[in-house]
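Inside the fold
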Amino acid sequence: PCKTAHAGGELCTHLPIISINTGGETIPGATLKDENGRETGYTTAPDGSDRITAYINTFDNESEYNHPTDASDFSSKVEIHIRGNSSRSFDKSGYAIKLITEDGKSNPHTLLGMDEHQDWVLHGPFIDKTLIRNYMWYNIAGEIMDYAPNVRFCEVMLNGEYRGVYVLAETITAGENGARLNLTVDEKNNNYSGYALRLDRGSDNELKNLNSFSKYTLRTKNIIDIVYPGTSLLTPELTESIRQDFSSFEKMLYSYDFDNPGAGYEDYIDVESFIDFFLINEFTCNYDAGWLSTYIYKDMTGKFRMCIWDFNAACDNYQDSYIIPNHLEMQHCLWYVMLIKDEDFTDRIVKRYKQLRKTYFSEEYLYGYIDDCIEYLGDAIERNFRVWGYTFKEENDVLKPAERNARSYGEAVKQLKDFLRIRTA
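So, here's what we can say about the structure.

Rules used in this analysis
- Residues numbered from 1 in each chain as written.
- Predicted model: local features only at pLDDT ≥ 70, side-chain atom pairs only at ≥ 80, totals over all residues.
- Heavy atoms only, no water.
- Buried < 20%, exposed > 50% of the residue type's maximum accessible area, 1.4 Å probe, protein only.
- Helix = DSSP H or I, 4+ residues; strand = E, 2+ residues; numbered from the N terminus.
- Pairing = 2+ DSSP bridges.
- 1 Å grid on protein atoms, 1.4 Å probe; cavity = no way out; pocket = protein on both sides within 12 Å on 5 of 7 lines; lining within 4 Å.
- Points joined across faces, edges and corners; volume = space filled by probe spheres on them.
- Nonpolar A, V, L, I, M, F, W, Y, C, P; charged D, E, K, R; others polar.
- Contact = heavy atoms within 4.5 Å.
- Axes fitted to C-alpha atoms, helices over the stretch in contact; angles between N-to-C directions.
- Expected span 1.5 Å × (residues − 1).
- Arc of directions from axis to C-beta.
- Polar contact = N/O pair within 3.5 Å; in protein donor to acceptor, adjacent residues only side chain to side chain.
- Core = buried A, V, L, I, M, F, W, Y, C linked by side-chain atoms within 4.5 Å.
- Phe/Tyr/Trp six-rings, centres within 6.5 Å; stacked < 30°, edge-to-face > 60°.
- Lys NZ or Arg CZ within 6 Å of the ring centre and 35° of its normal.

Thoughts on the pairing of strand β1 (residues 17-21)
Counted residue by residue, β1 has 4 buried out of 5 residues, so it is predominantly covered. Pairing of β1 with strand β4 (residues 52-59) involves 5 bridges; the strand directions are antiparallel. From the neighbouring strand, N21 faces β4, where its bridge partner is Y55. Looking at chain direction, β1 and strand β10 (residues 151-158) are connected through 4 bridges and run parallel. By the bridge assignment, I18 is partnered in β10 with V156.

In structure tokens, the structure reads:
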């Protein structure tokens, strides 16, 4: 029982609390639609900006319950905006947050026990009624791969109003002292040791978008943009250097010599990383991967690696269609459409899958992980659905066809477990 005397109705939770105060301003970035329901853009701040400044306080007492009236363990000014693609239109928004000083400079700091950085993401599970897909698969991927973004469950207050269970996540970029990805830029000499790229819809900053080999040869309709170096470190010369370097990799991959020993893909990529990325996303039917929200980076070793991101729609949680659980799809994705042609690469996928089925992909492990997450969240689940429980009603269905929509939290968990049982089989 909580030993702190507090007013009835005040948030009292074993989870960390993140409180955001915008001073009454509306956070920009929500989807705008016309009278026919077509997206026309995003909301902006009164000055036309795509973000506003606000203040964040965290309450993370590991030995006592947390309350928003406690003394905060960290506070900072932030830049904040609504983030995501389709999720921008959800009632429960997700946010991109940059910690800044009072005069607007980066203010890297540790949050909820994770390594210090200025850039963070607050993911608000909305279509994922279990609340755990991203948390679960980021953590499992972190056990399997060299790196996956660290995550923490928390509960969020916005301008004093309770907004439910969220997942605080690291962004995919480089940090000081080896935090996150091991990448550096030498500003003085205008060169880099490693970089990170994203395959998605591209950046508003054209300097970050690459006219890569796969783009101008129409192997993808999407755009590869530079995630690291960030805007403050990026120059036209660096962009062109990265474009040439990455295009050299892609030209090799789509050549007749792609599998030649000593000159083929094994000289360019960390094969295990590409295999694990393939298997995690294929196993969960996370079929945005390889087309959207796809991160690839070249670290200090000089080889390309993959990094997982966004499992909100995984495990048959896509909005628009049912995902057939006895289907394979990742072999058609950019880069993998060539790698899968090599018999050795395919054999290594099969061998690695058999290993993972005995551990992290076993039904026993996955069911146990789900149950542990639910036990850990505890009464935070009930609090979350006091706010968002209306989404279980038919008139608020988001998944198609309608029978895929859960009518209770228990039913949502059962759907996830049923999918994994059928998928593993």
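From this point on, the discussion continues.
As for the layout of surface pockets
By volume, the second largest pocket amounts to about 330 Å³. For the lining of the second largest pocket, the element with the highest residue contribution is helix α9 (residues 409-424), accounting for 8 residues. Split by residue class, the lining of the second largest pocket holds 10 nonpolar, 4 polar and 10 charged.

A word on the sheet that holds strand β18 (residues 304-307)
If you walk across this open sheet you meet the 5 strands as β15-β16-β14-β17-β18, and the pairing is antiparallel. With one partner strand each, in any of the chains shown, β15 (209-210) and β18 form the two edges of the open sheet. Sheet analysis places strand β14 (residues 195-200) next to strand β17 (residues 294-298), joined by 5 bridges and oriented antiparallel. Bridge pairing in β17 places L197 opposite I296. Packing against the sheet, helix α4 (residues 271-283) makes contact with β17 and β18, and its axis sits at approximately 25° to β18.

Observations regarding helix α6 (residues 343-357)
Think of an α-helix as 3.6 residues a turn; residues three or four steps apart then line up on the same face. Along its 15 residues, α6 runs 21 Å from first to last C-alpha, staying within 8% of the 21 Å computed at 1.5 Å per residue. Those residues of α6 not exposed but buried are F345, I349 and L356. In a view along the axis of α6, the buried residues occupy a sector of 45°, so they form one face of it. Exposed positions of α6 whose direction lies more than 90 degrees from the buried face are E343, K351 and K354. Where the residues of α6 are buried, they touch α1 (133-144), α4 and α5 (336-339).

Remarks on the sheet that holds strand β6 (residues 95-100)
Judged by pairing direction, the barrel is mixed, and its 7 strands sit side by side in the order β1-β4-β5-β6-β9-β11-β10 before closing back on the first. If you compare each strand with its neighbour and ignore which way they point, the axes differ by 40° on average. In this sheet, strand β5 (residues 74-82) lies alongside β4 in antiparallel orientation, the contact comprising 7 bridges. Its bridge partner lying in β5, T53 is registered against E79. Sitting on the sheet, helix α8 (residues 380-388) touches β10 and β11 (161-170), and the angle it makes with β11 is about 120°.

Thoughts on unusual backbone geometry
Here the residue pair Y228 and P229 is connected by a cis peptide bond, since its omega of 10° sits within 30 degrees of zero. Inspection of the secondary structure assignment puts P229 in the loop between β16 (223-228) and α3 (236-253). Cis geometry is found at the peptide bond from K400 to P401, where omega equals -5°. One non-glycine residue, L112, lies in positive phi territory at about 50°. Among the secondary structure elements, L112 is positioned in the loop between β7 (109-111) and β8 (114-117). Overall, L112 belongs to the buried group, its relative accessible area being 8%. With phi around 55°, C285 is a residue other than glycine that occupies positive phi space. Take C285: it is sitting in the loop between α4 and β17.

Observations concerning the environment of T220
Considering the arrangement of structural elements, one finds T220 in the loop between α2 (213-216) and β16. With a relative accessible area of 4%, T220 lands in the buried category. Considering only alpha carbons, one finds T220 and W291, 71 residues apart in sequence, at a separation of 7.8 Å. The contact partners of T220, leaving out residues within four places of it in the chain, are L199, S214, K215 and L334. A distance of 3.0 Å separates a polar atom in the side chain of T220 from the backbone nitrogen of N222.

Re the nonpolar core
Ranked by internal contacts, the top residues of the largest apolar core, which has 100 residues, are W137, W335 and L420. Not counting residues within four places of it along the chain, the set of residues in contact with W335 comprises I224, F246, F249, E250, L253, Y254, T294, I296 and M306.

Re the packing of aromatic side chains
Aromatic ring pairs are reported here in terms of the distance separating the ring centres and the angle at which the planes meet. All told, the structure shown has 31 aromatic pairs when counted by the stated rule. Pairing W137 with F311 gives two aromatic rings, centres 6.4 Å apart and planes at 25°, and the pair type is stacked. Linking W137 in helix α1 with F311 in the loop between β18 and α5, this pair joins segments that are 174 residues apart in sequence. We classify W137 as buried; its relative accessible area is 0%. Look at F311 and you get buried, because its relative accessible area is 0%. Members of the aromatic cluster, connected to one another through ring pairs, are W137, Y138, F283, Y295, W309, F311, Y353 and F361. In this structure, R219 is placed above the aromatic ring of Y254, and the distance from its NZ or CZ to the ring centre is 4.4 Å. Taking the ring centre of Y367 as reference, the NZ or CZ of K417 above it sits at 5.2 Å.

By themselves these figures say nothing about function.
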